[in-house]
Amino acid sequence: DFMQAFWDIEEVQSKAIQHLASFIRDKSALPYLQTFTELITFAMKTHVDSLKLQVDGCSLLLEMLSQEQDVVMALDENVTSSLLDTVRKYSENEELLSLVCTLLMMISASEVAAENLRKVGVIPDLLSILRNFLHNEKICLSCCGVLWSLAVSENNVDQALLKSAVPVTSAVLQEHLQNGRVMESACSALWALSLQGCLTENEYEPTTALLLDVLRMNLERPVLVKNACLALASLLRLSEISALRFITDSKGSGINVIKDAYHLHFDDLEVVESICMLTNEMAQYDEVVLDLLSQKMEELLSEIKSRFPSR
C-alpha cells in the first residue's frame with residue numbers, strides 16, 4: 001500500500017525496495033512474492049532514470065526468483081516489458097546489464113515468460129549487448145541462455161533475426177573457448193539455431209571447425225560435450241561439407257575427438273546418446289563411412305550397445 005500510495009516519489013520507492021529485501025528472506029513472505037515482483041518492476045518502470053533503483057530492483061528480483069521458481073511462471077508481459085525498458089535505457093552500463101541479463105535468462109526458462117520476451121522484441125537487444133560486451137563472461141552466458149530458450153521454442157520467431165544471431169554466438173564461442181560454462185550456454189544456442197535452419201551454407205564449415213575446437217578444449221565437461229555433439233549432429237544432418245570438415249580438420253579428425261569424449265564419459269547416458277546421434281549423421285555420407293570403419297568406430301558402437309542394451 002505504501003509503494004502504491006507514493007508511486008511518483010523515487011526516494012519512497014527506493015526505501016520500500018530496501019525494506020522488501022529484508023522481508024523476502026523470511027519464509028512467511030513466499031505467498032506475496034508475485035505481488036512484490038509486480039510492485040518492484042512497476043517502480044523500476046516508473047523511475048527508469050534512477051540507476052540505483054534499477055540496480056536494487058534487479059538484485060531483489062534475482063534473489064526472489066532464485067528462492068521461488070513459481071514466481072517465474074506467473075511473470076506477465078508488463079514485467080518483461082519493464083526489464084526491456086531498463087536494458088534499453090542503460091545499454092552501456094555493464095554492471096546493470098549483467099544483472100538484467102541474468103534475470104532474463106532465469107525468466108526465459110518458463111515457456112510463457114519466453115513468449116512474453118519474444119513479444120516485446122528482446123532478440124535485437126540481446127545481440128547488441130553481446131556485440132558490445134563480448135568480453136563479459138556472465139553477460140555472454142546469460143544472453144546465450146535466453147537465445148537458446150527463444151530459438152528452441154516451437155513458436156515461430158522471426159527467422160531473419162535468428163539468422164543474425166549465428167555470427168554473434170560464434171563470436172562468443174571464439175572469445176571464451178576455455179570457459180566451460182559459457183561454452184555450454186553458447187553451444188546450446190548454436191544447436192537451437194541450427195535446428196531452426198538459421199545457418200547459411202557459408203557458415204557450415206567454419207562452425208563445424210569451431211565446435212570441434214570447443215570439444216577439444218573442454219572434453220572433461222559432460223554437458224558441454226553433449227551440447228556440442230548435438231549441435232554438430234544438426235550441422236552434419238544439413239550438410240556434407242560439415243561432415244567432410246569434421247573428418248579432415250587440420251587439427252585432427254573429429255572421429256578421434258568423439259572417441260576421446262566417449263572414453264571420458266562412457267557412463268553418462270546423455271553424452272553417449274549425443275555421440276550416437278552424431279555418428280548416425282556421419283553414416284549417411286559414403287566418404288565418411290569409410291573413415292568411420294578405418295577408425296574402428298564399429299567396435300565403439302558395439303561396446304555402447306552392450307553397455308546400454310535397452311536403448
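Residues numbered from 1 in each chain as written. Predicted model: local features only at pLDDT ≥ 70, side-chain atom pairs only at ≥ 80, totals over all residues. Heavy atoms only, no water.

Trainee: What am I meant to see in the overall build of the protein chain here?
Mentor: Secondary structure summary: the protein chain contains 19 helices and zero strands in total. A separation threshold of at least 6 residues defines the contact pool for the protein chain, and within that pool the share at least 24 residues apart is 74%. About 14200 Å² of surface is accessible on the protein chain, with carbon and sulfur atoms providing 51% of the total. (Helix = DSSP H or I, 4+ residues; strand = E, 2+ residues; numbered from the N terminus. Contact = heavy atoms within 4.5 Å. Areas by Shrake-Rupley, 256 points an atom, 1.4 Å probe, with all protein chains shown as cover.)

Trainee: I keep staring at the nonpolar core and nothing clicks. Help me out?
Mentor: For soluble globular proteins, the rule of thumb is that nonpolar side chains tend to be buried together. Within the largest apolar cluster, 100 residues are counted, with the highest numbers of intra-cluster contacts made by Leu104, Leu173, Phe246, Leu278 and Met282. Not counting chain neighbours up to four residues away, the residues in contact with Met282 comprise Leu236, Phe246, Ile255, Ile258, Val288 and Leu292. (Core = buried A, V, L, I, M, F, W, Y, C linked by side-chain atoms within 4.5 Å. Buried < 20%, exposed > 50% of the residue type's maximum accessible area, 1.4 Å probe, protein only.)

Trainee: When you look at the packing of helix 9 (residues 123-132) against helix 11 (residues 159-175) in this model, what are you seeing that I'm missing?
Mentor: A pair of packed helices is captured by two measures, namely the crossing angle of their axes and the spacing between those axes. Running from amino to carboxyl end, helix 9 crosses helix 11 at an angle of 25°, the nearest separation of the two axes being 10 Å. In terms of axis orientation, helix 9 runs roughly parallel to helix 11. At the point where helix 9 passes helix 11, the crossing takes the left-handed sense. In contact with Ile123, Pro124, Leu127, Leu130 and Arg131 of helix 9, helix 11 contributes Leu161, Leu162, Ser164, Ala165, Val168 and Val172. (Axes fitted to C-alpha atoms, helices over the stretch in contact; angles between N-to-C directions. Parallel < 35°, antiparallel > 145°, perpendicular 65-115°, else oblique. Left-handed = near helix turned anticlockwise from the far one by under 90°.)

Trainee: What exactly am I supposed to notice about the pattern of salt bridges here?
Mentor: As a working rule, side chains carrying opposite charge can pair if their charged atoms are close by. Counting across every chain of the model gives 14 salt bridges. Between Arg88 and Asp125 there is a salt bridge; the shortest N-O distance is 2.9 Å. Here the residue Arg88 occupies a position in helix 6 (residues 77-89), and Asp125 occupies one in helix 9, the gap between them amounting to 37 residues. Note that Glu281 is salt-bridged to Arg237, the shortest N-O span being 2.9 Å. Here Arg237 lies in helix 14 (residues 222-238) and Glu281 lies in helix 17 (residues 269-282), a separation of 44 residues in the sequence. In this structure Arg237 comes out as partly exposed when scored by relative accessible area, which is 37%. One connected set of salt bridges, linked through shared partners, spans Glu205, Asp213, Arg216, Arg245, Asp249 and Lys251. (Salt bridge = Lys/Arg side-chain N within 4 Å of Asp/Glu carboxyl O.)

Trainee: I'm lost on unusual backbone geometry in this one. Help?
Mentor: A negative phi angle is the norm for most residues apart from glycine, just as the trans form is the norm for most peptide bonds. The backbone of Lys296 shows a phi angle near 60°, a positive value even though the residue is not glycine. One can find Lys296 in the loop between helix 18 (286-294) and helix 19 (297-307).

Trainee: In this structure, what is going on with the layout of surface pockets? I would like to understand it.
Mentor: By rolling a water-sized probe across the atoms, one finds the places where empty space is left. The space that makes up the largest pocket amounts to roughly 280 Å³. What lines the largest pocket is simply Met105, Leu141, Cys144, Gly145, Trp148, Arg181, Glu184, Ser185, Ser188, Trp191, Lys226 and Asn227. Listing elements by their share of the lining of the largest pocket, those giving two or more residues are helix 10 (137-152), helix 12 (180-195) and helix 14. At five residues, helix 12 tops the list of elements feeding residues into the lining of the largest pocket. Looking at side-chain class alone, the lining of the largest pocket contains five nonpolar, four polar and three charged residues. Lining the second largest pocket, in full, are Cys276, Thr279, Asn280, Ala283, Val289, Leu292, Leu293, Met297, Glu298 and Leu301. (1 Å grid on protein atoms, 1.4 Å probe; cavity = no way out; pocket = protein on both sides within 12 Å on 5 of 7 lines; lining within 4 Å. Points joined across faces, edges and corners; volume = space filled by probe spheres on them. Nonpolar A, V, L, I, M, F, W, Y, C, P; charged D, E, K, R; others polar.)

Trainee: Any chance you could explain the environment of Leu301 here in plain terms?
Mentor: For Leu301, the position within the fold is in helix 19. Between the C-alpha atom of Leu301 and that of Ile275, which follows or precedes it by 26 residues, the distance is 9.7 Å.

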